[in-house]
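Descriptive analysis of the structure
If you want the building blocks of each chain, they are given just below.
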Amino acid sequence: MVYPCFDEPALKATFKTRIVHNSSYVALSNMPAIAMFEREDENGTKWMVTTFNTTLKMSTYITAFVVCDFDYVNMTERGSEIRVWARKEVIQKGYANFALAIAGPMLSFMEDFLNVSYPLQKTDFVAMPDLGVGAMENWGLITFQESSLMYNPNQKFSTSRALTSLIVAHEIGHQACVVWKPCYHEVVERYMA
């Protein structure tokens, strides 16, 4: 709803995103934040301005941003930062730890399988309490229904763990279509023929 989105090769572009938001929230987008400063409006209200690095050339439909008061767990995999964001109480309970533990190795597997380095500097996984779809593979900012990404390690049954693994793998697989696309068709032809 920010702007018209098209999945057309001729309509790909780079995006420079700047978000003005309440200073008690964090802003996320496809690329890493490169600048943050506070500004005051004409009424004296203070706002945070977060500017993000320019994206690679990409389709409009995979641009994204999130403004939230979430917390995160993080790791670095092959020089790329991976963060899993969720409501603070969910992070404190450790429910994001499983998704974080599998995300890095899955991204590395795709790099090795495709023999192409992942071109993004960071990938954020965001668990949203109310998302109309199961997940969305936005470049560098993958969004999930909270129940699809969070795993309670105290659960007796492993179906929840398997479902989280499947959905995370599925969304990382989508990155092959959008991030690693130049070599994706070769892989499909080679392994699916």
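Structure: see above.
Let me sum up the structure you'll find in this document. (Residues numbered from 1 in each chain as written. Predicted model: local features only at pLDDT ≥ 70, side-chain atom pairs only at ≥ 80, totals over all residues. Heavy atoms only, no water.)

So, about the packing of aromatic side chains. Aromatic rings in a pair are described by how distant their centres are and how their planes are angled relative to each other. Under the counting rule described, the total for this entry stands at four aromatic pairs. Seen from their ring centres, Y72 and W85 are 4.5 Å apart, and the 45 degrees between their planes marks the pair as tilted. One end of the pair, Y72, is in strand β6 (residues 71–77); the other, W85, is in strand β7 (residues 80–86), with 13 residues separating them in the sequence. Overall, the relative accessible area of 33% leaves Y72 in the partly exposed class. Note on W85: relative accessible area 3%, which makes it buried. When the ring of F125 is compared with that of F144, the centres are 5.8 Å apart and the planes differ by 25 degrees; the resulting orientation is stacked. (Phe/Tyr/Trp six-rings, centres within 6.5 Å; stacked < 30°, edge-to-face > 60°. Helix = DSSP H or I, 4+ residues; strand = E, 2+ residues; numbered from the N terminus. Buried < 20%, exposed > 50% of the residue type's maximum accessible area, 1.4 Å probe, protein only.)

This part takes up the nonpolar core. It is characteristic of soluble globular proteins that their nonpolar side chains tend to be buried jointly. One finds V84, F125, F144, L149, M150, V168 and I172 to be the most contacted residues of the largest nonpolar core, which totals 34 residues. Listing elements by their share of this core, those giving two or more residues are β7, α1 (88–92), α2 (97–114), β8 (122–128), β10 (141–145) and α4 (159–178). Top contributing element to this core by residue count: α2, with nine residues. If sequence neighbours within four positions are ignored, V84 has contacts with D71, Y72, V73, I91, A96, A99, L100, F125, L149 and M150. In terms of nonpolar packing, the next biggest core, distinct from the first, is built from 10 residues, A64, F70, V126 and M128 among them. (Core = buried A, V, L, I, M, F, W, Y, C linked by side-chain atoms within 4.5 Å. Contact = heavy atoms within 4.5 Å.)

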